[in-house]
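Coordinates in review
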Amino acid sequence: MTDPASEPYASVVIVAAGRGERFGQSPKVLALAVGQPVLAWSLVAASGARSIREVVVVTGPHTHEAIRELLDALALVTPVTCVAGGARRQDSVAAGVAAVSPASEVVLIHDAARPLATSAMFDACAEEARLRGAAIVAIPVSDTLKRVQGGTIVETVSRESLWSAQTPQAFQLDIIRRAIEKTRTIDSEFTDEASLLEALGERVRIVPGDRSNIKITHPEDLEVVDALLWRRSMQAQE
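Residues numbered from 1 in each chain as written. Predicted model: local features only at pLDDT ≥ 70, side-chain atom pairs only at ≥ 80, totals over all residues. Heavy atoms only, no water.

Counting secondary structure elements, the protein contains seven helices and 11 strands. Each of the three principal axes of the protein carries a C-alpha extent, and together these read 60 × 40 × 40 Å. For the protein, the centre of its 24 positive side-chain charges and the centre of its 30 negative side-chain charges are spaced 4 Å apart. (Helix = DSSP H or I, 4+ residues; strand = E, 2+ residues; numbered from the N terminus. Lys, Arg positive; Asp, Glu negative; His and termini not counted. Charge placed at Lys NZ, Arg CZ, Asp CG, Glu CD.)

Dropping the structure here:
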């Protein structure tokens, strides 16, 4: 008899609708890293997580056809669907969450521009959200932080208790749906999904992440990601 705890119970929404203007090449989610589009690495990691029952990719008009072709080429076992994104990140996330299966207990949101997230990260984040309601992958801030005005340092900011948020970020499905609905009327842009819950006074747990789980923002970031993925591929073959 199958252990219910081992059954998939979470959906992943991968946000791939942005234009990547700071990257300088559009779209960055289709740029190549070790011979594969950046998005492909997140798709493979998410579909390889034991907790995941489905993946929803949020696309933009400039990425939709290429992403559909990529999905056909990858032929993943985990079901994958595409939905159109919106003008803002939170609009794209809302579209993705609206498309997930109502049978899922947890939904994870992941940036397509973070190709170094692992299946283990998805599983750990999903399980923490399953137990506690909401959780994100994050790492402690290690750099010395300075507050600057007009090009001049005005103070050093203590990094004690400061963490750098990453993705995936996971939420019980009813919690993130309520947060999205309640924040529709808030005239603010949210840079991550944990911010939606913070705005409503909800608690979000931390799952320790990895410093290699960087987000591609500038062209030089892709060079770092390419090197890290190549090393990971070599280690997997040893």
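It is at 11 Å that the axes of helix 3 (residues 89-98) and helix 5 (residues 173-183) come closest, and there the two elements cross at 140°. When the axis of helix 3 is compared with that of helix 5, the two are oblique. Where helix 3 crosses over helix 5, the handedness of that crossing is left-handed. Counting all contacts with helix 3, which are made through Val93, Ala94, Val97 and Ala98, the residues of helix 5 involved are Leu173, Ile176, Arg177 and Ile180. When the residues that make up the contact of helix 3 with helix 5 are grouped by side-chain class, the tally is seven nonpolar, no polar and one charged. (Axes fitted to C-alpha atoms, helices over the stretch in contact; angles between N-to-C directions. Parallel < 35°, antiparallel > 145°, perpendicular 65-115°, else oblique. Left-handed = near helix turned anticlockwise from the far one by under 90°. Contact = heavy atoms within 4.5 Å. Nonpolar A, V, L, I, M, F, W, Y, C, P; charged D, E, K, R; others polar.)

What follows covers the pattern of salt bridges. Pairing is possible between side chains that carry opposite charge, provided their charged atoms lie close to one another. For the structure shown, the criterion picks out 12 salt bridges. Where Arg89 meets Asp111, a salt bridge forms, and the shortest distance between an N and an O atom there is 2.5 Å. Highlighted residues: Arg89 in helix 3 and Asp111 in strand 6 (residues 106-111), separated in sequence by 22 residues. For Asp111, a relative accessible area of 7% gives the class buried. A salt bridge links Glu128 to Arg205; the shortest N-O distance between them is 3.3 Å. Placement of the pair is Glu128 in helix 4 (residues 119-132) and Arg205 in strand 11 (residues 205-208), with a sequence separation of 77 residues. We classify Glu128 as buried; its relative accessible area is 17%. Judged by relative accessible area, Arg205 falls into the partly exposed class, the value being 40%. One network of salt bridges, with partners in common, ties together Arg89, Asp111, Arg114, Glu193 and Lys215. (Salt bridge = Lys/Arg side-chain N within 4 Å of Asp/Glu carboxyl O. Buried < 20%, exposed > 50% of the residue type's maximum accessible area, 1.4 Å probe, protein only.)

The subject of this paragraph is the sheet that holds strand 7 (residues 134-140). Ordered by their spatial adjacency, seven strands build an open sheet running 5-4-1-6-10-7-11, and the pairing between neighbours is mixed. In the strand order of this sheet, the two ends are held by strand 5 (80-84) and strand 11, each with one partner. Within this sheet the neighbouring strands show an average axis-to-axis angle of 30°, counted without direction. Sheet topology note: the strand 4 (residues 52-59)/strand 5 ladder contains five bridges and is parallel. Residue pairing for strand 5: Thr59 is matched across the bridge by Ala84. Across the sheet, helix 3 lies against strand 1 (10-16), strand 4, strand 5 and strand 6, angled at about 140° from strand 6, the strand it touches most. (Pairing = 2+ DSSP bridges.)

Our next topic: helix 1 (residues 38-47). The buried fraction of helix 1 amounts to eight of the 10 residues, a majority that puts the element mostly inside the structure. Of the residues making up helix 1, those classed as buried are Val38, Leu39, Ala40, Ser42, Leu43, Ala45, Ala46 and Ser47.

Turning our attention to helix 3. Residues lying three or four places apart along an α-helix face the same way, a consequence of the helix completing one turn every 3.6 residues. When you tally the buried positions in helix 3, you get seven out of 10 residues, the bulk of the element. If you check which residues of helix 3 are buried, you get Arg89, Gln90, Ser92, Val93, Ala94, Gly96 and Val97. The secondary structure elements touched by the buried residues of helix 3 are strand 1, strand 4, strand 5, strand 6, helix 5 and helix 6 (193-199).

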